[in-house]
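What follows is the residue order along each chain.
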Amino acid sequence: MKHNSMHKRLPLIICIVIAGLAVVGIMRRSEGRRSGIAEEFTPPGGDTLAVAIEMSPLTYNLRNDTIEGFDYLLLRDIAREHGIPVVFHPFSQLEDAFLGLYEHRYNLLVASVPSTSTLKKYFPLTDAVYLDKQVLVQLADSAGGRGPILSQEQLRGDTVWIAEGSPFRTRLNNMAKELGDTITIFSDPEHSSEHLAIMTATGDVKHAVVNEAVARRIAAMYPRLDIATPISFNQFQVWAVAPGDTALRDSLNKWLGSFKHTEAYRRLANRYL
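Visitor: Describe the overall build of the chain, listing the residues and the values that go with them.
Guide: Counting secondary structure elements, the chain contains 9 helices and 12 strands. Of all 273 residues assigned to the chain, the portion counted as buried reaches 55%. In the chain, of all internal contacts separated by at least 6 residues, the share reaching a separation of at least 24 is 78%. By element, 51% of the accessible surface of the chain is carried by carbon and sulfur atoms, the whole surface being about 12600 Å².

Visitor: Mind laying out the packing of helix H2 (residues 70–81) against helix H9 (residues 263–272), listing which residues take part and the relevant values?
Guide: If you want to describe how two helices pack, look at the angle between their axes and the distance between the axes. Contact geometry of H2 with H9 gives a least axis separation of 10 Å together with a crossing angle of 170°. With respect to H9, the axis of H2 lies roughly antiparallel. Taking contact as the criterion, the partners of Phe70, Leu73 and Leu74 in H2 are, on H9, Tyr265, Leu268, Ala269, Arg271 and Tyr272. Its residues assigned to classes, the contact of H2 with H9 comprises 7 nonpolar, no polar and 1 charged.

Visitor: Which residues make up the sheet that holds strand S4 (residues 86–91), and what values do they have?
Guide: Strand order across the open sheet formed by 5 strands is S4-S1-S5-S12-S6, with mixed pairing between neighbours. Across the chains shown, the open sheet's two edge strands, defined by having one partner strand only, are S4 and strand S6 (130–132). The sheet shows a mean angle of 35° between the axes of neighbouring strands, direction not considered. Relative to strand S12 (residues 235–241), S6 runs antiparallel, the two being bridged by 3 bridges. Bridge pairing in S12 places Tyr130 opposite Gln237.

Visitor: How would you sum up the environment of Ala219? Please name residues and give values.
Guide: Mapping Ala219 onto the fold places it in helix H7 (residues 212–221). Apart from the residues lying within four places of it in its own chain, the contact partners of Ala219 are Leu225 and Ile227.

Visitor: Report on the nonpolar core, specifying residues and quantitative values.
Guide: Counting residues in each nonpolar core, the largest one holds 41 residues, and the members touching the most others are Phe70, Leu74, Leu108, Trp239 and Leu252. The element best represented in this core is H2, accounting for 7 residues. Setting aside residues up to four positions removed in sequence, Leu74 forms contacts with Val129, Trp239, Leu256, Phe259, Tyr265 and Leu268. Core analysis: the next-biggest nonpolar cluster, separate from the first, contains 18 residues, Tyr102, Ala111, Leu125 and Ala242 among them.

Visitor: How would you sum up the pairing of strand S1 (residues 49–54)? Please name residues and give values.
Guide: Most of S1 sits out of view: 6 of its 6 residues are buried. Alternating positions in S1 separate into two faces, Leu49, Val51 and Ile53 on one and Ala50, Ala52 and Glu54 on the other, with burial throughout. Bridging between S1 and S4 involves 6 bridges; their strand directions are parallel. Its bridge partner being in S4, Glu54 is matched across the sheet by Phe91.

Visitor: Got a sec to walk through the pattern of salt bridges? Specific residues and values, please.
Guide: A side chain with one charge can pair with a side chain of the opposite charge if their charged atoms come near. For the structure on display, the rule yields 9 salt bridges. Of the charged contacts, one joins Glu178 and Arg171 as a salt bridge, the two residues approaching to 3.3 Å between their closest N and O atoms. Arg171 sits in the buried class, given a relative accessible area of 14%. Linked through salt bridges whose partners overlap, the residues forming this network are Arg63, Glu68 and Arg271.

Reading the values: the criteria
Residues numbered from 1 in each chain as written. Predicted model: local features only at pLDDT ≥ 70, side-chain atom pairs only at ≥ 80, totals over all residues. Heavy atoms only, no water. Helix = DSSP H or I, 4+ residues; strand = E, 2+ residues; numbered from the N terminus. Buried < 20%, exposed > 50% of the residue type's maximum accessible area, 1.4 Å probe, protein only. Contact = heavy atoms within 4.5 Å. Areas by Shrake-Rupley, 256 points an atom, 1.4 Å probe, with all protein chains shown as cover. Axes fitted to C-alpha atoms, helices over the stretch in contact; angles between N-to-C directions. Parallel < 35°, antiparallel > 145°, perpendicular 65-115°, else oblique. Nonpolar A, V, L, I, M, F, W, Y, C, P; charged D, E, K, R; others polar. Pairing = 2+ DSSP bridges. Core = buried A, V, L, I, M, F, W, Y, C linked by side-chain atoms within 4.5 Å. Salt bridge = Lys/Arg side-chain N within 4 Å of Asp/Glu carboxyl O.

Purely geometric numbers; function is a separate question.
Written as structure tokens, this is what we have:
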């Protein structure tokens, strides 16, 4: 497949969301010898893992000169445990990051990405990193003082904002079909879903759709936000690996499974999820 063809198909690929997955079994943490990534996977250009990571309050963010974020800290701790050199490349445009992954400029893409059968055709996907769902972000006193939208049915004929390349478009299109009406979707090419949620809090955007874990963190900073209306069922969030790099995917699955049994993982989950 040529790169330009892949680029045209990326919006469709990453817009198909998960609909029912089996719960991933978690392996017991191995107490055996520690293995370096070079024993199982050699990324292009040496033993350094190039990671494209989404800039968001949940995944990767800078606070008081300190890098934070659930996915960042999780991958950092796993890399340290197994002696893996990692270089993080923060991004805000998901579509561009997927193209870089496809072109092997990155070994791994870390973001709020749901596992889908279509994504699996193009990228090896890890087991579930955590569970999440999409919610509608709106002002609690929206709709001219009549209160927030309380159900999906109330979105008939309305408009919602999502980030360009967001995997939420397909869910919203399916919802419109289920409702027998139109939901206008505005894809913002300049702002991430987190920025759109903040713009909703400031009144610049009417409604935005983001992951619940991110919405909760933003709502803590903007009390006027209402995030109680679900848009999807719970979905498994995963990391994506460059095409053909199944050895890295398999290693990550093993290390993730082991790390989920640790107190360090429980602290991260309690803090961010």
